[in-house]
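# Reading the structure
Listed below are the residues making up each chain.
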Amino acid sequence: TPKPSSAASDVYKRQVYAIYAHGRITFSSGVVSFLAKIGVPIHFFNKYGFYEGSLYPREKLVSGDVLVKQVEAYLDKEKRIYLAREFIRGCGENLVKNLQYYKSKDTQEEKESIEKYLSQLENMQTIEEILSMEGNMWNVYYQSFNKILPEGFKFDKRSRRPPENMINCLISFGNSLLYSAILTEIYHTQLNPTVSYLHQPSERRFSLSLDLSEVFKPFLVDRIIFKLANKKMMREKHFRKELNYCLLNDEGKKIFLQSWDERLKTTIMHRKLKRKVSYQRLIRLECYKLIKHLIGEKKYKAFRIWW
């Protein structure tokens, strides 16, 4: 294959931002080398739609100073607790915003319960306490789904691997896409994706993506699920049962992925930047806010839906 010109590489970068590989897909070494060279990550998902891993290009925006500050904030209990609380505070307020959007569905009880949890957040002094409260908050929020979603999409409890029903399937599929999208945005900043604050850093996972995903799940994943189910764009025929699994079939994946792509490309007038930015760009801006916090430039405040 002829070596691509610099101009061709620039065009390719503008057209392809990241690749989401679902199922059994083969890439030649030449393709992988080219994608790595122009900074396009490849995210792999298995046949069930679960995230498997990423081919993460060599980092070009390396900053020793930011990495040192990132680790310092993890090692300092007070700094780590502040960030963990703020991720959950942003998440909780976005959950409330979703419930307010569906106020005609009588979600006031769940809304008040989440607000009560948030009022207790400042008193929590350990990561374990914060994570426990986070779980309780999500459980309350999920109780509202049967009020928001149509009759065929009943939801009892959150189940992950395997997802036991259609809504659990959609949540797991959407969360995997969000995790990958956040990882892509982190790659384009000086942040290290393995150093996190709410979730414990560990081997074989990019845990900072998990931290930031808490803030964006209600806004990017749940809003898509509500739309697909309530507008009958997603039906039972788009799922398949496999033992105790409930999974999206190929048609169902296509519908969700199209809605996901449309949502990431949707733009909003940014109230501070005074210009339109895409929903995907909001994730990158969140990374920049975190960097400013770490280097002492401006205190981090997690993204809240403001419209």
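Everything quoted here is computed from the prediction, not taken from an experiment.

Another aspect to go through is the overall build of the protein. Within the protein, the regular secondary structure consists of 11 helices and seven strands. Its C-alpha atoms give the protein a radius of gyration of 20 Å, within 12% of the compact-globule value 19 Å for 307 residues. A buried classification covers 51% of the 307 residues belonging to the protein. Contacts in the protein between residues at least 24 apart in sequence constitute 64% of all its contacts with a sequence separation of at least 6. Carbon and sulfur atoms make up 50% of the accessible area of the protein, which amounts to about 15,700 Å² in all.

This paragraph deals with the nonpolar core. F256 and W260 are the most contacted members of the largest nonpolar core, which has 84 residues in total. Excluding residues that lie within four positions of it along the chain, W260 makes contacts with G174, L177, L178, A181, L220, V221 and I224. In this structure, A21, I38, V40 and I42 belong to the second largest nonpolar core, which totals six residues.

The subject of this paragraph is the layout of surface pockets. As a volume, the second largest pocket reaches approximately 530 Å³. Looking at the second largest pocket, it is lined by 17 residues, and the ones nearest its centre are H270, K272, L285, K289 and K298.

Let us look at the pairing of strand β2 (residues 42–45). With four bridges joining them, strand β1 (residues 19–22) and β2 adopt parallel strand pairing. Of the residues in β2, the one forming a bridge with H22 is F45. For the crossover that starts at β1, traverses helix α2 (residues 29–37) and ends in the parallel β2, the hand is right-handed. Note that β2 and strand β3 (residues 51–55) share four bridges and pair antiparallel. Bridged to H43 within β3 is S54.

Let us look at the sheet that holds β2. Taken together, the three strands give an open sheet; going across it, the order is β1-β2-β3, and neighbouring strands pair in mixed fashion. Each edge of the sheet is formed by a strand with only one pairing partner; in this case those strands are β1 and β3. Looking at each pair of strands side by side, their axes are set apart by 20° on average, direction ignored.

Counted under the stated rule, the structure contains zero disulfides. For the unlinked cysteine C91, the closest cysteine sulfur is that of C287, found at 17 Å. You can call C91 buried: its relative accessible area is 0%. In this structure C169 is a free cysteine whose sulfur lies 5.1 Å from that of C246, the closest cysteine sulfur available.

On to the packing of aromatic side chains, then. Following the criterion strictly, the structure yields 21 aromatic pairs and no others. Between Y20 and F45 the ring centres are 6.2 Å apart and the planes differ by 25°, which places this aromatic pair in the stacked class. One end of the pair, Y20, is in strand β1; the other, F45, is in strand β2, with 25 residues separating them in the sequence. Ring centres 5.4 Å apart and planes at 85° place the aromatic pair F219 and W307 in the edge-to-face group. With a gap of 88 residues between them, F219 in helix α9 (residues 207–230) and W307 in the segment after α11 (279–294) connect regions that are remote in the sequence. Three or more aromatic residues joined by ring pairs make a cluster, and in this case those are Y101, Y102, W138, Y141, Y142, F145 and F226. Lying across the ring of W138, K217 places its NZ or CZ 5.5 Å from the centre. Here R263 stacks its cationic end above the ring of F219, 4.8 Å away from the centre of that ring.

Parameters at a glance
- Residues numbered from 1 in each chain as written.
- Predicted model: local features only at pLDDT ≥ 70, side-chain atom pairs only at ≥ 80, totals over all residues.
- Heavy atoms only, no water.
- Helix = DSSP H or I, 4+ residues; strand = E, 2+ residues; numbered from the N terminus.
- Rg over C-alpha atoms; globule rule 2.2 N^0.38 Å.
- Buried < 20%, exposed > 50% of the residue type's maximum accessible area, 1.4 Å probe, protein only.
- Contact = heavy atoms within 4.5 Å.
- Areas by Shrake-Rupley, 256 points an atom, 1.4 Å probe, with all protein chains shown as cover.
- Core = buried A, V, L, I, M, F, W, Y, C linked by side-chain atoms within 4.5 Å.
- 1 Å grid on protein atoms, 1.4 Å probe; cavity = no way out; pocket = protein on both sides within 12 Å on 5 of 7 lines; lining within 4 Å.
- Points joined across faces, edges and corners; volume = space filled by probe spheres on them.
- Pairing = 2+ DSSP bridges.
- Right-handed = clockwise from strand over helix to strand, strands pointing away.
- Axes fitted to C-alpha atoms, helices over the stretch in contact; angles between N-to-C directions.
- Disulfide = S-S within 2.5 Å.
- Phe/Tyr/Trp six-rings, centres within 6.5 Å; stacked < 30°, edge-to-face > 60°.
- Lys NZ or Arg CZ within 6 Å of the ring centre and 35° of its normal.

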